[in-house]
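# Observations on the model geometry
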Amino acid sequence: MATDVVVAVLMIGGALMSLAAGIGLARFPDLLSRMHAATKPQVLGLLLFLLALAVENGTWLLVPVLVLCWVFQLLTSPVSAHMVGRAGYRTRHLRRDLLTLDELDDVVARAAAGEAEAHESPQPDPAAGTPAIGGPVPVDPAVVDPAAPRAPGGTGRRARRDRA
Amino acid sequence: MSRQRIPLITELPLVVWLVLVWGALWQDFGVGNLAFGAILAYVVVNFFYLPPVELTGRFNVLWLIPFLGRFFLKLVTASAEVFWLALTRGSRLRNAVVAVTLRSHSDFLVTATGHAISLIPGSLVLEVDRSTSTLYLHCLNVASADDAAAIRRDVRATEAWLIRIMGSRDDLAALRAEGVRR
């Protein structure tokens, strides 16, 4: 009887997490906010369901398998969320008007500019937004070479942070 | 075969973990099964050339328990918060992409921190700058610079916990020095 109550509470909790994910998917405005709704309650929701299973089953032998289920979920879910989020950001599947602050924008723009310059001729392209002073524009080595050490907090990022 | 040899002692946690996985999957923790699992684990660790995981060689269980408590507490409160935001805010949500510079330059710790942050609802790692150990997080419901500062503090606090649990001695010393300065 007591275990039934515990199991019922745990399962309702888990179901509520799934409900939260569904409502979030429907109501949040863009891809990245929906990612939060879709991927996050699975951590707690799955935990509650697995706990319900452990309590209902009552044998200790099942517990390691359930722990393993949850641990693998913990290990893999942030990776998939990161990959989708990263791809979504790079392909601009997000609404920038909803962002109050974007400290990645400058970094990506600078990296893209650096890449473009590295591929093209040393003559700077005025259309790319770089001022043509004559001669090759000095490129921040850190932008071209990701392994090179960079001053903590790039200048562009810092300026943006202060403005916000 | 060019892979550098890793001393057994730093490899041991991985082998133990694989043996535990083996036992859990078979639901049999008998000596014979575990011994066979240990042989398999040793073979797997030595013959499958994944990039070696560079563990730091220290692990403090005493810090792990409060960290797990903090993690679960945040997990529950943040899940409830995302639920509440979905119900009440919906499409009027304001988000932000926040850059957080971490102290540690160990890949292992940066990954662990990113994972712990990603698992807590409301934050998502968009991009990692490995050269500067900077995480770029997408965070729900950030309206002002104060909110962003709070997120930065929180992430660095999570990293500090992880350094205390399994950071290298250098990172730990740096963390202690920082605490003294403050």
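Each value, and the rule that gives it
Residues numbered from 1 in each chain as written. Chains lettered and ligands numbered in written order. Predicted model: local features only at pLDDT ≥ 70, side-chain atom pairs only at ≥ 80, totals over all residues. Heavy atoms only, no water. Helix = DSSP H or I, 4+ residues; strand = E, 2+ residues; numbered from the N terminus. Buried < 20%, exposed > 50% of the residue type's maximum accessible area, 1.4 Å probe, protein only. Contact = heavy atoms within 4.5 Å. Areas by Shrake-Rupley, 256 points an atom, 1.4 Å probe, with all protein chains shown as cover. Polar contact = N/O pair within 3.5 Å; in protein donor to acceptor, adjacent residues only side chain to side chain. Buried area = accessible area lost by both parts, 1.4 Å probe. Salt bridge = Lys/Arg side-chain N within 4 Å of Asp/Glu carboxyl O. Pairing = 2+ DSSP bridges. Domains from an automatic or database assignment. Core = buried A, V, L, I, M, F, W, Y, C linked by side-chain atoms within 4.5 Å.

## Considering the overall build of chain A
Counting secondary structure elements, chain A contains 7 helices and 1 strand. Each helix and strand of chain A, placed in order from N terminus to C terminus, yields the pattern α-α-α-α-β-α-α-α. Here chain A, with 164 residues, has 35% of them falling under the buried criterion. In chain A, 60% of the contacts between residues at least 6 apart in sequence involve partners at least 24 apart. Total accessible area on chain A is roughly 9300 Å²; 68% of this is exposed by carbon and sulfur atoms.

## A few points about the overall build of chain B
For chain B, the helix and strand inventory stands at 6 helices and 3 strands. Counting from the amino terminus, helix and strand elements in chain B follow one another as α-α-α-β-α-β-β-α-α. Looking at chain B as a whole, 44% of its 182 residues qualify as buried. Here the contacts in chain B between residues at least 6 apart in sequence split such that 69% fall between residues at least 24 apart. A total accessible area of about 9900 Å² is found for chain B, and carbon and sulfur atoms account for 67% of it.

## Remarks on the side chain of Thr134(B)
For Thr134(B), the location among the structural elements is in strand S3 (residues 134-139). A polar side-chain atom of Thr134(B) sits 2.7 Å from a polar atom in the side chain of Thr132(B).

## Topic: the interface of chain A and chain B
Contacts between chain A and chain B engage 53 residues on the former and 49 residues on the latter. Interface area for chain A against chain B, summed over the two sides, is near 4300 Å², with a carbon-plus-sulfur share of 69%. On the surface where chain A and chain B come into contact, there are 3 salt bridges. Across the salt bridge formed by Arg86(A) and Glu127(B), the nearest N and O atoms sit 2.5 Å from each other. At the boundary of chain A and chain B, one finds 12 residue pairs in polar contact (both at pLDDT 80 or more). Every element with two or more residues in the side of chain A that touches chain B is listed here: helix H1 (2-27), helix H2 (31-39), helix H3 (41-57), helix H4 (63-90), strand S1 (99-102) and helix H7 (155-163) of chain A. When residues in the side of chain A that touches chain B are grouped by element, the largest group, 17 residues, is from H4(A). As defined by bridge partners, S1(A) adjoins strand S1 (residues 95-101) of chain B across 3 bridges and the pair is classed as parallel. Its bridge partner being in S1(B), Leu99(A) is matched across the sheet by Asn95(B).

## Digging into the domain arrangement of chain B
In terms of domain boundaries, chain B breaks down into domain 1 (8-47) and domain 2 (61-178). Each of domain 1 of chain B and domain 2 of chain B has a C-alpha centre, and these two points are 32 Å apart.

## Thoughts on unusual backbone geometry
Residue and element names in this part refer to chain B. With a phi close to 55 degrees, Ser133 is a non-glycine residue in the positive phi region. Along the polypeptide, Ser133 turns up in the loop between strand S2 (123-129) and S3. Here the phi dihedral of Asn141 falls at roughly 55 degrees; this positive angle occurs in a residue that is not glycine. Among the structural elements, Asn141 can be located in the loop between S3 and helix H5 (145-166).

## Describing the nonpolar core
Considering soluble globular proteins, one finds that nonpolar side chains tend to be buried as a cluster. Counting 18 residues, the largest nonpolar core has Val43(A), Leu44(A), Trp70(A), Leu74(A), Phe71(B), Leu75(B) and Leu119(B) as the members making the most contacts within it. Where this core is concerned, the elements lending two or more residues are H1, H3 and H4 of chain A together with helix H3 (61-88) of chain B. Sort the elements by how many residues they give to this core and H3(A) lands first, with 6 residues. Setting aside chain neighbours within four positions, we find Val43(A) in contact with Trp70(A), Leu74(A), Ser77(A), Leu75(B) and Leu119(B). With 15 residues, the next largest nonpolar core counts Leu101(A), Ile117(B), Leu135(B) and Cys139(B) among its residues.

## Considering the pairing of S3(B)
Residue and element names in this part refer to chain B. Most of S3 is tucked away: 6 of the 6 residues are buried. Of the two faces of S3, the one carrying Thr134, Tyr136 and His138 and the one carrying Leu135, Leu137 and Cys139 are both buried. The pairing of S1 with S3 spans 6 bridges and is classified as antiparallel. Bridged to Ala96 within S3 is Cys139. Pairing between S2 and S3: 6 bridges, direction antiparallel. Along S3, the bridge assignment pairs Glu127 with Tyr136. Here S2 hands over to S3 after 4 residues, with Ser133 in that stretch at a positive phi of 55 degrees.

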